[in-house]
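Now for the letters of each chain:
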Amino acid sequence: MKVTVSIIKADVGGFPGHAHVHPKMLEYAAAKLKEAQKRGAIIDYFVYNVGDDISLLMTHTKGEDNPEIHGLAWETFKEITEQIAKKFKLYGAGQDLLKDAFSGNVRGMGPQVAEMEFEERPSDPLIVFAADKTEPGAFNLPLYKMFADPFNTAGLVIDPSMHEGFIFEVLDVVEHKVYLLKTPEEAYSLLGLIGTTGRYIIRKVFRKADGAPAATNSVERLSLIAGRYVGKDDPVMMVRAQSGLPAVGEILEAFAHPHLVHGWMRGSHAGPLMPARFISIDPERRIAIGAKMTRFDGPPKVGALGFQLHDGYLEGGVDLFDDPAFDYVRQVAAQIADYIRRMGPFQPHRLPPEEMEYTALPKILAKIKAYPADKYEKERRKYIEAIVKGEKVEESQHD
């Protein structure tokens, strides 16, 4: 059976601030998707959040970029915005919905999208990830470790069906170019690209032996769409596991070291990506309530839900980071957060200028008076005296 799995995610209102979502938002989304399931638009669904982002996980047979599926997600987010977020005056109501009208596809309209169409295997484990307070490039390192690092994934060495390696589809989000790089033979070239996480983003991974889809990651950059800072992108990702693909444990192992990512407070700071537990999971209502974002609106967090696919239905989800094995990882992430927070507004905690251009910082800096260095260095004393006296420096030059 050929099935399509779609994750479409948006931030349509925080409760309170950027910390979490209102429970009524998740309930509304689940009810909306249940109606769609009853009328045959989708096979199955699951609704969950991490921080202030709502993810709609849907299975169907309509293929990727399907207008009906994308329209269902857009309509759901719009209705939640109007009927709940605006009613309760939630923070940033509808902030990820950057366009006024749906045009057949939500790509380029604000929501994050990760989709994959494939033939369902006799057993098809699927892991879906959602991250808050970070950018799509935050998944570059974990994806590389899952599919190209033998120190992370033992199957690359000992599983004959994985030994040939994988194909990485990398998108340049600035010049809108696509690179297809094979591992292990082009691993160094791949790293040369994906180490620049704000520009080169792993969008899909395929098994080299037969081209089977293995993983997909959302790549929407909100600031590039809107031309201004409207919140961090907060990516979603899905990865297939086992039977010629990385094992579930190998996929999760990629998050055993909390690497630094961009985002966090006001989308302007680097911090550790913490693998977080879900607060609760209700399989009957198809809802999972994810982690809150608290310290400095974070730190950046990622949640993981595991499912078994069967004829398009989602059996699960299982909270895969709800394990004592990840308690130490969370402790390390908290220690890294504590260390880097002490740097305050200094780099590398604060992001470099090219990452700050869409924030309000350029407007603030534009108000600061600057003087030609050559002129200032010739008359430094006059400039300083004018400042001490509270005079305008320009006037003091004509004394």
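Residues numbered from 1 in each chain as written. Predicted model: local features only at pLDDT ≥ 70, side-chain atom pairs only at ≥ 80, totals over all residues. Heavy atoms only, no water.

Visitor: What should I look at first to understand the UniProt feature "binding site: beta-D-fructose 1,6-bisphosphate" (unreviewed entry) in the chain in this one?
Guide: Per the UniProt annotation, the sites labelled "binding site: beta-D-fructose 1,6-bisphosphate" (unreviewed entry) are His 18, Tyr 91, Gly 104, Asn 105, Lys 133, Gln 242, Ser 243, Arg 266, Asp 297 and Tyr 358. Counting through the fold element by element, Tyr 91 comes out in the loop between helix H2 (67–85) and strand S4 (112–119). (UniProt positions renumbered as here; feature names shortened; annotations may be inferred. Helix = DSSP H or I, 4+ residues; strand = E, 2+ residues; numbered from the N terminus.)

Visitor: Can you walk me through the pattern of salt bridges in this structure?
Guide: One side chain can pair with another of opposite charge once the charged atoms of both are near each other. All chains considered together, the criterion is met by 30 salt bridges. Across the pair Glu 169 and Arg 203 runs a salt bridge whose closest N-O atoms are separated by 2.5 Å. One end of the pair, Glu 169, is in strand S6 (residues 166–172); the other, Arg 203, is in strand S8 (residues 200–207), with 34 residues separating them in the sequence. Assessed through its relative accessible area of 12%, Glu 169 is described here as buried. In this structure, the salt-bridge partner of Lys 177 is Glu 175, at a minimum N-O distance of 3.0 Å. The class of Lys 177 is partly exposed, set by a relative accessible area of 40%. One salt-bridge network, held together by shared partners, links Asp 172, Glu 175, Lys 177 and Arg 199. (Salt bridge = Lys/Arg side-chain N within 4 Å of Asp/Glu carboxyl O. Buried < 20%, exposed > 50% of the residue type's maximum accessible area, 1.4 Å probe, protein only.)

Visitor: How should I be thinking about helix H1 (residues 23–38) in this particular structure?
Guide: Given 3.6 residues per helical turn, the α-helix brings residues three or four places apart onto the same face. Compared with an ideal rise of 1.5 Å per residue, which puts 16 residues at 22 Å, H1 spans 23 Å between its outermost C-alpha atoms and is within 8% of the ideal. Of the residues making up H1, those classed as buried are Met 25, Leu 26, Ala 29, Ala 30, Lys 32, Leu 33 and Ala 36. Projected down its long axis, H1 carries its buried residues within an arc of 160°, all on one side. Its buried side turned inward, H1 meets strand S2 (44–50), strand S3 (53–60), H2 and strand S15 (287–289). Looking one or two residues beyond H1, the residue adopting positive phi is Gly 40, at roughly 90°. (Expected span 1.5 Å × (residues − 1). Arc of directions from axis to C-beta. Contact = heavy atoms within 4.5 Å.)

Visitor: Looking at this model, I keep getting lost on the packing of aromatic side chains. Mind explaining?
Guide: Given two aromatic rings, one states the distance between the centres and the angle between the planes to describe the pair. Within this structure, the stated rule accounts for 14 aromatic pairs. Taken together, a centroid distance of 5.3 Å and an interplanar angle of 70° make the contact between Phe 46 and Phe 307 edge-to-face. Residue Phe 46 is found in strand S2, and its partner Phe 307 is found in strand S16 (residues 301–310); the two are separated by 261 residues along the sequence. For the residue pair Phe 46 and Phe 307, the accessibility class agrees, reading buried in each case. Considering the side-chain rings of Phe 321 and Phe 326, the 4.9 Å spacing of their centres and the 65° angle between planes classify their relative orientation as edge-to-face. (Phe/Tyr/Trp six-rings, centres within 6.5 Å; stacked < 30°, edge-to-face > 60°.)

Visitor: Would you explain the environment of Ala 360 in this entry?
Guide: Within the fold, Ala 360 resides in the loop between helix H9 (353–356) and helix H10 (361–366). Residue classification places Ala 360 among the partly exposed positions, given a relative accessible area of 48%. In sequence terms Ala 360 and Arg 266 are 94 residues apart; their C-alpha atoms lie 9.7 Å from each other.

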